[in-house]
Each structure stands twice: as structure tokens, then as C-alpha cells.
Amino acid sequence: MHTLLFYDPGHFHAALTLRVRNPRLAQEVHVYAPPGPDLQAFLALVQAFNTRQIDPTNWQVRVHEGPDALERLIAEQRGQAVVLAGRSDRKLETLARLHSAGFAVLADKPWITDVTALPFLDKVTASAPLALDIITARHEVLAGLGRKLARIPEIFGAFVVDDSAGPAIELGFIHHLHKLVNGSPLLRPAWYFDVGVQGDGVVDIPSHLVDQVQWQLEDAQPFDYTRDVTLHTARRWATAVPRTVFTEITGQEAFPPSVREAITGDTIAGETLHLPCNTEIDFSLRGVTARLRSEWFLREPPGSGDWHNVTLRGSRALLRVVQGPETGHRAELRVQPHAGGGSLAALREWVASEQADLPGLTLSPVPESDGTLLRLDVPEALRTGHETHFAEVLDQFLDHLDSGTWSATKAAALRMRYTLLARARELALRGESGPLRAESV
């Protein structure tokens, strides 16, 4: 049985790893952190899991509070697995220190804010103990189905080489600064709006998106940034955050002094922060072109949550995950077999063969189409929500701990992922001139 330690859990993702019970974990968990609102927010969310009416947890949180929290965690050795989710500016440096002390670490993205952290990346991925990032998108059922289909030549063919219609892989995610977590409005820390601490749009959400591209193209050969990646373009732009909205999201009346250069407005009441949290990155991985687009809006529409769109272009079929107002914010996996490609019959056979693992999976025409666009309907019982995925990531982390193995292939994927993002950020900054302004709000 494993005892979990948490260090300075400033991001709500830390608490989400405890959203469900896990028989491989001791009920007693230890949190080491300096005093302040970040610690209190973590404790409040864990307590909400403990006291909910349906399937409550029973975590017994032992708090070790003080400015020397990291030193105490290392010295006391109350467990060997640490969850790290909070400020990103020193995350890899902290991870490297824990790694050197013999701790396995599950660390939330992003691991970097700029290229200065890359030497620590090499250190923590060079050898055991285990270091993994909290990447949840692989646990979404439609993402898994799309990957399965893209690996069936009779249905999908191969990723297109001619990208005149667009990149072979295209991923778009929309997130919201004001959102609900565990059914309640999320109170974000003020430092979250300082990209020097949290990381900007180029390195944050694209951690998930680069992983999705890697997942599509991974094979027995480990990824190597210098050999496998060609970085084409990268840009970032800002979302305008009025001070009144910032106060609503954080509970703080004023913007932190560290973001002063990104603020416009002649009066305090009229101040607006231009937060560079959006990005678009074009690159090729092993010759397959990919475009990643990540955007942040101020508020999620009622009943929506975050949403994403995925396009995979194959020589026999087009695969798309569509989510947004047009689908009632419910994600759909759509398949468009190319005429004369012969993939429709193979697709129907595949759906029938999946019934043992995915009972109730059906194939039907998209109503507004001419019958050539099909939808894979996945029963609600097989869909798990985004918040549940964090516990699933933790469970995989425990699988690695229990097996006692350190995957060189996973380590190489981590190095490639965060090196790509650090270099993309450099490229985006070189392309900017003058102050950032909001392109979309």
C-alpha cells in the first residue's frame, strides 16, 4: 500500500487525484505546504469529496505547514510517492530535487515555463525513480476510439501526406477561466494569472495536445526531438480579463504587481489584464503534420464546460471529434469514409466486434448530413467525466510503482513533449512585436 505525499498543492488538479477512493492507497495522506489560501483550497476540496452523499471518500489529511515544507517532506520520508501540482515556474527544479532524494513524482502540467528548465528535464527523465506528468486526455473514451480507428488501415488508411486540406492531425481545445469544479465555482489563485509563474498559453494546455499527437504516432521506437520533430510556426495571443472578472475568479481586489506590464486602463475600475494564454502551433512529428490550437474564454456557457475538437485526416476516412454548441456541448465522434475507399464495410464490422468491450456502441448517420457522415454513439454509462480522469492517471502511476519498472520510452516522450513546447514558446516570442492585445475573448 502506498502513502501519498502532496507538496504545495496550489492547483486544484492536486485534489482531483483524490476524487475517488483507491484500494492501493493508505487513507492517510500528508500535505506539506506553506500557510495560505492555496493550502486551504486543497483541504476544502478534499473535504468536499469526504462529505459528499454519493460514494464519499475517507481521506485523512495530515497537514505539515510551514515555510520549510519541502525540506521537511524530504527529511521525514513519510511515503515515497509525491503529487506535485501548483506553481510551474520552479516545478521542474523541485521535481529534480525530489527525484534526487529518491521520491517517485506525479507532477501536473506544465512542467516548464521557458527553456531555462530544460536541464532539469534531462535530469529527471534520465533514470529512476519514476517521474510522470498528469495528462488526462488519453482517458477520454472518444479519444481512445479515435486512436483505435486511426490504427486500422482498412478503415482509416494512413495519415495524409498532402496537407492541402489541412494538417493530418488538428486539435483544438477551449477552456474557461471561470468554471465549475466538483459542482462549485472554482476559486483560482491570483498567481495563476502571472504567466511567469503558471506558464503561458504555449506551454500549458498544449502539454495535453502534444501528448495526443504522440499517442497517435507512438511505436516501439522512442521519440527523439532532434530527429523526429520539425517546428514550423508558433504564435500566442491574449484573452482580455477585466479586473471585475479577475476579482470574481480569484477573490482578490487587485491584480498582482508582477502582471502590471500586461494591464491597460486609466482607472483601477477600468483595468484589464491581457493574459497571453492562447496559442497555435504547427509542427511535424515523424513526417506527419499537426496543428494545435488552445484558447481560453472568460466564462463557460451554462451546461457546457470545456470543449475540444479533433480532426484526423486519413487516406481512407476522415475522423472528427466535435464538441460545442452544435452538439449541445456533448462530444461526438464522427467518421466520413472516402468514396470508393471500401472502409464503410470495415467500419461496420469493427463496430460489431467492439460490442464485448463497448456494449451499446452504435453507428448512425449524422442527421444534417447526406448520409456520408456517420456518428459513433457511445452510451453515457461508458463516458467518464474529465474530473474522474485524474484518479485514473493516479492509478496508472501506481501501476508503474507496483511494477517497479521505469520506461525509457515514456521518459523519451516526456523529453520530446516539453522540449517542443519550450522551443515553440521561443519561436512565438520572436514573432511578437509590441504589447499583446486580446484577439478573442
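Look up: the structure comes first, before these words.
Nothing here was measured: the structure is a model prediction, and the numbers come from that model.

Draft legend 1. Geometry of the environment of Tyr32. Turning to its location among the elements, Tyr32 is positioned in strand β2 (residues 28-33). Look at Tyr32 and you get buried, because its relative accessible area is 0%. Among all residues touching Tyr32, those that are not within four sequence positions of it are Phe6, Tyr7, Asp8, Pro9, His64, Ala69, Arg72, Leu73, Glu76 and Arg78.

Draft legend 2. Quick look at the packing of helix α8 (residues 206-217) against helix α13 (residues 408-430). Between α8 and α13, whose axes approach to 10 Å, the crossing angle comes to 130 degrees. Considering the angle they form, α8 stands oblique to α13. The element α8 and its partner α13 pack so that their crossing is right-handed. Contact residues: Pro206, Ser207, Val210, Asp211 and Gln214 in α8; Ala413, Met416, Arg417, Tyr418, Leu420 and Leu421 in α13. Of the residues belonging to the contact of α8 with α13, the class tally is seven nonpolar, two polar and two charged.

Draft legend 3. Structural view of helix α11 (residues 343-353). Turning to α11, its buried residues number three or more, namely Ser343, Ala346, Leu347, Trp350 and Val351. Across the axial projection of α11, the buried residues extend over an arc of 140 degrees, all falling on one side. Opposite the buried face of α11, by more than 90 degrees, sit the exposed residues Arg348, Glu349 and Ala352. Looking at the packing, one finds that the buried side of α11 touches α6 (141-150), β15 (317-322), β16 (332-337), β17 (362-365) and β18 (374-377).

Draft legend 4. Representation of the pairing of strand β7 (residues 169-178) in the model. The element β7 is largely enclosed, with a buried count of eight among its 10 residues. Here β7 runs beside strand β13 (residues 288-299); their pairing, made up of nine bridges, is parallel. From the neighbouring strand, Gly172 faces β13, where its bridge partner is Arg293. Relative to strand β14 (residues 307-313), β7 runs antiparallel, the two being bridged by six bridges. Each residue of the ladder has a partner; that of Gly172, found in β14, is Asn309.

Draft legend 5. Inspection of the packing of aromatic side chains at higher detail. This structure, assessed with the given rule, holds seven aromatic pairs. Ring geometry for Phe6 against Phe42: centres 5.1 Å apart, planes inclined by 50 degrees, an arrangement best described as tilted. A residue pair is termed long-range when its members are at least 10 positions apart, and Phe6 in strand β1 (residues 4-7) and Phe42 in helix α2 (residues 37-51) qualify at 36 residues. Judged by relative accessible area, Phe6 falls into the buried class, the value being 0%. Ring plane angle 5 degrees and centroid distance 5.4 Å describe the contact between Trp111 and Tyr418, whose orientation is recorded as stacked. Note that Trp111 is positioned in the loop between β5 (104-108) and α5 (118-124) and Tyr418 in helix α13, a separation of 307 residues in sequence. An identical accessibility class is assigned to Trp111 and Tyr418; each is buried.

Draft legend 6. Structural detail: unusual backbone geometry. A cis geometry characterises the amide bond from Lys109 onward to Pro110, with omega recorded as -10 degrees. Here Pro110 is to be found in the loop between β5 and α5. At Asp8, a position not held by glycine, the phi torsion is positive, near 45 degrees. Tracing the backbone through its elements, the reader meets Asp8 in the loop between β1 and α1 (13-16). Phi is positive for Arg286, close to 50 degrees, though the residue is something other than glycine. Structurally, Arg286 is set in the loop between β12 (272-285) and β13.

Draft legend 7. Spotlight on the sheet that holds strand β4 (residues 81-84). With parallel pairing, six strands are arranged side by side in an open sheet as β3-β2-β1-β4-β5-β6. The sheet is open, and its two borders are formed by β3 (60-65) and β6 (131-134), each paired with just one other strand. With strand direction ignored, the average angle separating the axes of adjacent strands in the sheet is 25 degrees. Alignment of β2 against β3, held across six bridges, turns out to be parallel.

Draft legend 8. Structural view of the packing of α6 against α8. Contact geometry of α6 with α8 gives a least axis separation of 10 Å together with a crossing angle of 35 degrees. Pair α6 / α8 crosses with right-handed handedness. Contacts from Ala143, Gly144, Gly146, Arg147 and Ala150 of α6 reach α8 at Gln212, Trp215 and Gln216. Of the residues belonging to the contact of α6 with α8, the class tally is three nonpolar, four polar and one charged.

Basis of the calculations
- Residues numbered from 1 in each chain as written.
- Predicted model: local features only at pLDDT ≥ 70, side-chain atom pairs only at ≥ 80, totals over all residues.
- Heavy atoms only, no water.
- Helix = DSSP H or I, 4+ residues; strand = E, 2+ residues; numbered from the N terminus.
- Buried < 20%, exposed > 50% of the residue type's maximum accessible area, 1.4 Å probe, protein only.
- Contact = heavy atoms within 4.5 Å.
- Axes fitted to C-alpha atoms, helices over the stretch in contact; angles between N-to-C directions.
- Parallel < 35°, antiparallel > 145°, perpendicular 65-115°, else oblique.
- Left-handed = near helix turned anticlockwise from the far one by under 90°.
- Nonpolar A, V, L, I, M, F, W, Y, C, P; charged D, E, K, R; others polar.
- Arc of directions from axis to C-beta.
- Pairing = 2+ DSSP bridges.
- Phe/Tyr/Trp six-rings, centres within 6.5 Å; stacked < 30°, edge-to-face > 60°.

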